[in-house]
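What follows is the residue order along each chain.
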Amino acid sequence: MLTRMTNEELLTIPKYDRIAVYLFRHLTNGYSAETMPREVGFDQETVRQAMRQAVADGVIDREVANVPDIKYTYDARRNLPIEMEQAGPVTWLQNGKGKYVLRRTRRKNVIDLGTLGLEPALEPVVDQTPKFISALLGQDEQAVFTRVRNAHLISTFLGFQAMAIQGHHRTTVSYGQIEIDEVQAGIAGSRETIVPISGKGGQDHLSWSQALNLNTYGVQKAPIPGLAVRSLGLWRDELNTVWIVEFSPHVDIDEIEIVKVRRFTFR
């Protein structure tokens, strides 16, 4: 049987992690690490059932109203609790409107660029954002996008001129609703190319599930079918440098790889 944390151990981890553990226990009751299936499906009501049980057991104080907010935590902020990964890495993926799947994947979902052995040279670039505008910027992905856009770093990275065509595009793909932070496009040589982008900063990180959304968007939602897809992730680290990561265009989360990465510092 799968091992379980004690209640005392549960109370030391964040609330959303406690909810995720209760959900996992509900979905995998009776399985061992050897017999746990590759995928286990569930829906929002299943999450709420797990929360109600956690409240009844005194593990959480009250239910969380917004279930997608719990999922987002594991898309961008941290990996699932250790109890959920005793049979190997697990990713919480969307699988329809209000439906999800816990899938055993070949790696943890949140990408820690510092541990991947990637050490790109730090490239200084002129910050073309006026000081007054910089003073108004926050610490989120929009601040990252503003500086990157003003310095033309996307085109620099890609090697061809890319232009923004849409920001914050919320749309529906085959497995549910996704949001792309920005979509750019350009012509690489003779190949028309769409560039879906995800930007993260502060406590949020890039992840393989985000890369999957970018690639799926490029394949399924491009205004013109058959475009080449160059999916990019932007991440501002704690040193205020910006990483630009290109993902391979696969639409299976386990097949996606990092194709190229560059790191920039503004001066």
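Scroll up for the structure.
Residues numbered from 1 in each chain as written. Predicted model: local features only at pLDDT ≥ 70, side-chain atom pairs only at ≥ 80, totals over all residues. Heavy atoms only, no water.

By the definition in use, this model includes six aromatic pairs. Among the aromatic side chains, those forming a connected cluster through ring pairs are F42, Y74, W92 and Y100. Its end group placed over the ring of W208, R107 keeps NZ or CZ at 3.6 Å from the ring centre. Over the ring of F157 we find K260; its NZ or CZ atom is 4.4 Å from the centre of that ring. (Phe/Tyr/Trp six-rings, centres within 6.5 Å; stacked < 30°, edge-to-face > 60°. Lys NZ or Arg CZ within 6 Å of the ring centre and 35° of its normal.)

Glancing now at unusual backbone geometry. At H152, a position not held by glycine, the phi torsion is positive, near 60 degrees. Of note, H152 is situated in the loop between helix 6 (141-150) and helix 7 (153-158). Positive phi, normally seen in glycine, also occurs at H168, with a value near 45 degrees. Here H168 lies in strand 5 (residues 162-173). (Helix = DSSP H or I, 4+ residues; strand = E, 2+ residues; numbered from the N terminus.)

Further remarks concern the pairing of strand 11 (residues 258-266). One ladder, built from four bridges, connects strand 4 (residues 122-125) with strand 11; its direction is parallel. For P124, the partnering residue across the bridge sits in strand 11 and is T265. Pairing between strand 10 (residues 242-247) and strand 11: six bridges, direction antiparallel. Bridged to F247 within strand 11 is I258. (Pairing = 2+ DSSP bridges.)

Turning our attention to the side chain of K200. For K200, the location among the structural elements is in strand 7 (residues 191-200). No salt bridge is formed by the buried K200. Its closest oppositely charged neighbour is D181, at 4.5 Å. The contacts of K200, once residues within four sequence positions are left out, are Y72, A76, E141, V144, D181, H205, L206, Q210, L234, W235 and R236. (Buried < 20%, exposed > 50% of the residue type's maximum accessible area, 1.4 Å probe, protein only. Lys, Arg positive; Asp, Glu negative; His and termini not counted. Salt bridge = Lys/Arg side-chain N within 4 Å of Asp/Glu carboxyl O. Contact = heavy atoms within 4.5 Å.)

Take helix 2 (residues 15-28) next. With 14 residues, helix 2 ought to run about 20 Å at 1.5 Å a step, and its terminal C-alpha atoms sit 20 Å apart, in line with that. Within helix 2, twelve of the 14 residues are buried, which leaves the element mostly enclosed by the surrounding structure. Looking at helix 2, one finds that the buried residues are Y16, D17, R18, I19, A20, V21, Y22, L23, F24, R25, L27 and T28. On its buried face, helix 2 sits against helix 1 (7-10), strand 1 (39-43), helix 3 (44-56), helix 4 (67-76), strand 2 (90-94) and strand 3 (99-104). The first or second residue beyond helix 2 is G30, which carries a positive phi of 95 degrees. (Expected span 1.5 Å × (residues − 1).)

Bringing the sheet that holds strand 1 into the picture now. Reading across from one edge, 1-3-2 is the order of the three strands in this open sheet, with antiparallel pairing throughout. The open sheet has two edge strands, strand 1 and strand 2, and neither has a second partner. Averaged over all adjacent pairs, the angle separating strand axes in this sheet is 25 degrees, with direction ignored. Pairing analysis gives five bridges linking strand 2 to strand 3, with the strands arranged antiparallel. When the bridges of strand 3 are listed, T91 appears paired with R103. (Axes fitted to C-alpha atoms, helices over the stretch in contact; angles between N-to-C directions.)

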